[in-house]
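# Working through the structure, step by step
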Amino acid sequence: MNISDRINRIDSKEKINGQGKYIEDIQFENLHFARTLRSTIPKGKIVGVKYPEGYEGICIVDARDVYRNQVHMIDNEMPVFADEKVSYIGEPIALIVGKDKNNIIRFMNQIEVYYEEEHGIFSIDECRGKTEQIISSHRFDKGNIDSLDYDDVFEREYTTGYQEQLYMEKQGLVGDFCEGIVTIYGSMQCPYYIKNALLHCMDLPSDQIRVVQALTGGAFGGKEEYPSLMACQVAAAAQKIGAPVRLVFDRREDMTYTTKRHPSRSIIKSYLKKGRIVGMEYFIELDGGPYAGLTDVVLQRALLTMTGCYSIENFRAEGISYRTNNIFTGAFRGFGGPQSMFALEQHINQLAKHLKIDPMAFRREYFVKQGDYSATSGQFHEEIFLDQMADQLQLLSGYQDKINRKLPNHGIGISFIPHGGGFTGDGEANHIKGVVKLVKDKEGYVSILVSSVEMGQGAKTVLSKIVASVLAIDIHRIIYHNPDTFIVPDSGPTVASRTTMVVGNLLYRAAQKLKKQMDCLDEVVVEEHYIHPDYMVWDQDKLKGNAYLSYSWSAVAAEVIIDPLTYEITCTDIYGVYDVGTPIDKSALLGQIHGGIAQGLGYGMMEVMTSNQGLIQHNSFSSYTVPTMSDMPIIHSECLMNPYQDGPFGAKAAGELTLVGVAPAIAAAVEDALGFEMNHLPITPELIAEVVLK
Amino acid sequence: MMIEFELNGEKVKIESTLSMRLLDVIRNDFNLTGTKEGCSEGECGACIVFLDDQIVNSCMVPMSNVIGRRIETIEGFSKTERYQIIERAFIEEGAVQCGFCTPGMIMATESILRKGGPITDELIKEGLSGNICRCTGYQTIYNAVQAVLKEVQAHV
Ligand code: FES
Ligand code: FES
């Protein structure tokens with residue numbers, strides 16, 4: 001059997017029959033419930049909090065109950081509980097804990113918080129030029145952008161809005177404190193991020209802090225850094241009352257107050273000489289909300305692949321992330337890519353039109369090849385097959401006929417996207433340092449011990465399949481429990497499309513070692529540590545060199561029909577060709593492709609989320625519309641096999657890539673149909689009307 | 001007050017108010033946690049159960065509407081033969097990712113089958129468009145329902 005041949009997922013049954021336990025389904029003895037007292041203003045000082053009297057069985061947990069009032073993420077600037085000041089609407093001030101939910105709500109309704117309100121900042125525009133609003137900034141050059149010989153300049157501005165992860169299972173954790181040990185159970189992507197956050201905020205040694213992932217109902221980045229904040233809070237609460245405390249958000253609460261995709265504004269300026277691009281300048285700004293969180297990493301990822309699939313000789317990238325009093329933004333599948341690649345791909349389309357060249361043919365002139373240099377001047381060391389992907393996409397989608405036939409109100413658009421796998425630069429080597437373990441027991445069962453979580457993406461199936469395939473044993477002889485930091489080593493967070501490629505490769509190597517000892521009658525333990533490939537050269541200060549271990553690529557075409565009266569958009573078909581190395585499992589990959597396309601479609605044309613004076617306006621399923629079954633186009637997808645030497649069986653990253661190219665292709669299709677430029681996401685009938693009527 | 005109804009084929013009694021939500025009763029009082037809460041506003045379908053022969057979003061149903069009626073949850077339905085067919089199709093089509101929407105999808109699928117009559121593409125899409133899934137992009141779920149139809153029709 002070929003490694004890519006599909007197998008059934010190993011974790012479906014318990015999810016289908018409802019026996020699987022998500023955090024809200026697990027029973028705890030003496031369970032207490034918590035609700036969050038939140039700031040109702042975007043910025044100001046807390047002058048006082050008046051709690052109602054005469055309530056039994058209510059415990060208030062706030063900043064005074066936290067040993068060190070800081071949530072450790074990359075830096076420590078976010079408090080566990082707002083103390084003297086608040087910086088956004090919804091910032092947690094306290095947890096109200098008790099056994100009776102109704103009692104908690106009655107109590108909360110009578111709390112009065114007194115503020116001295118200050119002037120907040122709510123847009124990128126207001127931040128521009130104010131250094132005190134800057135969270136981070138970067139600039140790097142390739143070639144020589146300052147002394148170009150050009151005869152034409154083409155410049156456009158692009159903006160994108162918020163996007164909500166909208167995992168179907170809301171954020172939820174339980175904190176317990178028992179015999180001196182604090183334990184966090186719940187829905188999460190990164191057990192060790194949480195552990196490290198607890199280590200920082202609590203006065204407890206490492207061996208008294210334990211994090212256990214529960215079945216997780218979707219995450220998409222939304223459960224990367226956010227659960228660390230909640231964990232610090234419920235840990236403090238559990239320690240204070242000596243009983244388990246559960247914090248599960250309501251849907252509206254989750255949508256209003258947890259992290260979202262960063263709104264962005266980009267300006268791209270191309271310098272042309274005789275119709276060829278000789279240089280490009282790219283400038284992006286992100287709204288990071290009040291705390292840095294992961295914002296700077298998102299900004300970096302937006303910048304690092306800014307030249308996309310194209311070889312641009314002279315280039316300047318500049319990016320700034322701003323501090324505002326909007327909701328704090330964070331990780332979301334694609335991580336900077338959806339913003340920057342929308343801008344770049346629309347720019348390339350518009351530039352092609354400006355030069356009167358077919359957008360596919362125009363792209364082909366600039367496709368990067370092995371040996372070329374990336375935006376960060378790192379050499380592409382792998383083979384790149386963008387031309388073949390373009391051929392494949394043209395065949396699959398019937399592109400040429402459709403672009404030529406020009407049916408009224410019909411459009412077809414394309415995008416070509418790279419996505420870097422794993423942490424940027426030397427992150428895997430210097431920051432993550434992943435470790436995995438395999439344990440063979442006396443009966444010949446093999447346990448996978450990693451901190452990577454199953455959150456729906458298929459990690460359990462894919463990683464088990466890698467190990468079983470190397471060992472040539474049945475997959476049902478592999479045991480892979482949800483990670484418990486008392487048992488598993490730190491193989492890094494479940495983010496950055498790194499699980500299959502990086503953690504999978506560590507397991508691949510571990511399994512190869514174990515294979516030689518499978519006949520041994522005793523228990524055998526094999527441990528593997530991350531080794532950085534020697535072709536990776538990186539300077540983090542200058543953002544120069546090989547920004548990624550490897551790149552995955554997508555070529556996407558979207559077809560749309562637009563109602564000429566209402567401007568309602570129907571996306572009828574999406575075609576995708578993907579190079580993700582060797583897929584470990586075609587069915588799992590298809591799951592990523594379809595799911596990524598659905599979220600990309602939402603980002604492109606449905607999911608409107610705005611903020612007014614710091615308050616999210618679309619906070620329910622009825623006001624924030626995500627694709628349902630009736631909204632989905634027909635999906636046609638193919639793979640191009642291009643094994644990566646340092647991926648397990650040749651696998652590369654797949655999870656995020658599939659989302660990124662969809663919105664740009666849809667935008668291009670709408671432009672093709674209407675002949676108007678679409679420079680904002682999402683593209684709604686209202687937006688089209690605005691553009692057309694202007 | 002004491003409320004009596006039938007739950008997964010058994011007569012049950014529960015001390016509850018009339019305005020209590022059915023979803024809370026089945027999850028908290030009967031510990032049947034296969035029925036999920038995704039939104040609590042009748043918008044996502046994660047909490048679907050059968051009330052007599054109709055599917056309902058149990059987050060929107062007060063106990064006053066349950067008195068003397070039949071409730072069937074995923075736990076009850078999963079004991080049937082038809083469930084086995086649906087389960088197999090969902091597994092084989094790869095229609096499950098995070099699984100949080102899945103029990104609701106299964107109940108909605110069964111509801112399409114129970115309606116009887118010819119089942120068109122439109123009917124499937126309509127029947128499942130009240131169920132939000134953020135993971136799968138729906139195509140594998142759609143394929144699974146098609147596979148179920150084929151098998152069920154082969155049996156009649
Ligand atoms: S929880 Fe009932 S419809 Fe969403
Ligand atoms: S499988 Fe995750 S929401 Fe449907």
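Residues numbered from 1 in each chain as written. Chains lettered and ligands numbered in written order. Predicted model: local features only at pLDDT ≥ 70, side-chain atom pairs only at ≥ 80, totals over all residues. Heavy atoms only, no water.

### As for the domain arrangement of chain A
Residues and elements named next belong to chain A. How we decide: For the domain bounds, the source is a domain assignment made automatically or taken from a database. Contacts are residue-level and defined by heavy atoms, with any inter-residue pair within 4.5 Å sufficient. Defined in terms of a 1.4 Å probe, buried area is the accessible area two parts forfeit on being brought together, summed over both.
Domain boundaries assigned for chain A yield domain 1 (32–41 + 43–118 + 165–257), domain 2 (264–424 + 542–692) and domain 3 (427–529). Each of domain 2 and domain 3 has a C-alpha centre, and these two points are 32 Å apart. Listed per partner, the contact involves 23 residues of domain 2 and 21 residues of domain 3. Where domain 2 abuts domain 3, roughly 1,600 Å² becomes buried across the two surfaces, and 68% of that area is made up of carbon and sulfur atoms.

### Here's the deal with the interface of chain A and chain B
Stated formally: Between Lys or Arg on one side and Asp or Glu on the other, a salt bridge is scored when a side-chain nitrogen of the former is within 4 Å of a carboxyl oxygen of the latter. Polar contacts, as counted here, are pairs of nitrogen or oxygen atoms within 3.5 Å of one another; within protein the pair requires one atom able to donate a hydrogen and one able to accept it, and residues that are adjacent in sequence qualify only if both atoms are side-chain atoms. Elements are defined by DSSP. Helices are runs of H or I of four residues or more, strands are runs of E of two residues or more, and each kind is numbered from the N terminus. Throughout, the ten residues Ala, Val, Leu, Ile, Met, Phe, Trp, Tyr, Cys and Pro are labelled nonpolar, Asp, Glu, Lys and Arg are labelled charged, and all others, Gly among them, are labelled polar.
Contacts between chain A and chain B engage 55 residues on the former and 43 residues on the latter. Across the chain A to chain B interface the summed buried area is about 3,900 Å²; carbon plus sulfur atoms make up 55%. Of all residues in chain A, Ile16, Met168 and Met629 of chain A give up the largest surface area on contact with chain B, accounting jointly for 23% of the area buried on that side. Inspection of the chain A/chain B interface yields six salt bridges. The salt bridge partner of Glu87 of chain B is Lys13 of chain A, with a shortest N-O separation of 3.4 Å. Inspection of the region where chain A meets chain B yields 23 residue pairs in polar contact (both at pLDDT 80 or more). Among the elements of the structure, helix H1 (13–16), helix H6 (251–257), helix H15 (586–605) and strand S27 (634–639) of chain A are those that each provide at least two residues to the side of chain A that touches chain B. Sort the elements by how many residues they give to the side of chain A that touches chain B and H15 of chain A lands first, with seven residues. Among the residues making up the side of chain A that touches chain B, the classes are represented as 18 nonpolar, 24 polar and 13 charged.

### Examining the side chain of Ser340 of chain A
All names here are of chain A. Let me state the cut-off plainly: Classification of residues uses two cut-offs on accessible area relative to the type maximum, computed with a 1.4 Å probe and protein chains only: under 20% is buried, over 50% is exposed, and between them is partly exposed.
Its location among the elements puts Ser340 in helix H8 (residues 337–354). Classification of Ser340 as buried rests on a relative accessible area of 0%. Looking at Ser340, its side chain comes within polar contact range of the main-chain oxygen of Ala302, at 3.1 Å. Leaving out residues up to four positions away in the same chain, Ser340 has contacts with Tyr282, Ile284, Ala302 and Met306.

### Quick look at helix H2 (residues 101–109) of chain A
Owing to its 3.6 residues per turn, the α-helix brings residues three or four apart onto one side. All names here are of chain A. Convention followed: The reported arc concerns the directions from the helix axis to the C-beta atoms and nothing else.
Every buried residue of H2 is accounted for by Asn103, Ile104, Phe107 and Met108. An end-on view of H2 places all buried positions within 135° of arc, on one side of the element. In this structure, the buried side of H2 is in contact with strand S1 (32–38), strand S3 (58–62) and strand S5 (92–98).

### Overview of the sheet that holds strand S3 (residues 48–51) of chain B
All names here are of chain B. For clarity, the threshold we go by: Paired strands, in this sense, are two strands between which DSSP finds at least two bridges. To obtain an axis, a line is fitted to C-alpha atoms, over the contacting stretch when the element is a helix, and the angle between two such axes runs from 0 to 180 degrees between their N-to-C directions.
The sheet built from five strands is open, its strands ordered S2-S1-S5-S3-S4 with mixed pairing. The open sheet has two free edges, formed respectively by strand S2 (10–15) and strand S4 (54–57), since each of these has just one partner strand. On average, adjacent strands in this sheet sit at an angle of 40° to one another, irrespective of strand direction. Where S3 meets strand S5 (residues 70–72), two bridges bridge the pair, whose relative direction is antiparallel. Its bridge partner lying in S5, Phe50 is registered against Glu72. Seen against the sheet, helix H4 (residues 102–115) touches S3, S4 and S5 and runs at an angle of roughly 40° to S3.

### Topic: the pattern of salt bridges
Counted according to the given criterion, the structure contains 52 salt bridges over all chains. Two residues, Arg27 of chain B and Asp25 of chain A, come together in a salt bridge whose shortest N-O distance is 2.8 Å. Of this pair, Arg27 of chain B sits in helix H1 (residues 22–29) while Asp25 of chain A sits in the loop between H1 and S1, placing the two residues on different chains. No difference in accessibility class separates Arg27 of chain B from Asp25 of chain A, as the two residues are buried. Where salt bridges share partners, they join Asp125, Arg128, Glu157, Arg265 and Glu285 of chain A into one cluster.

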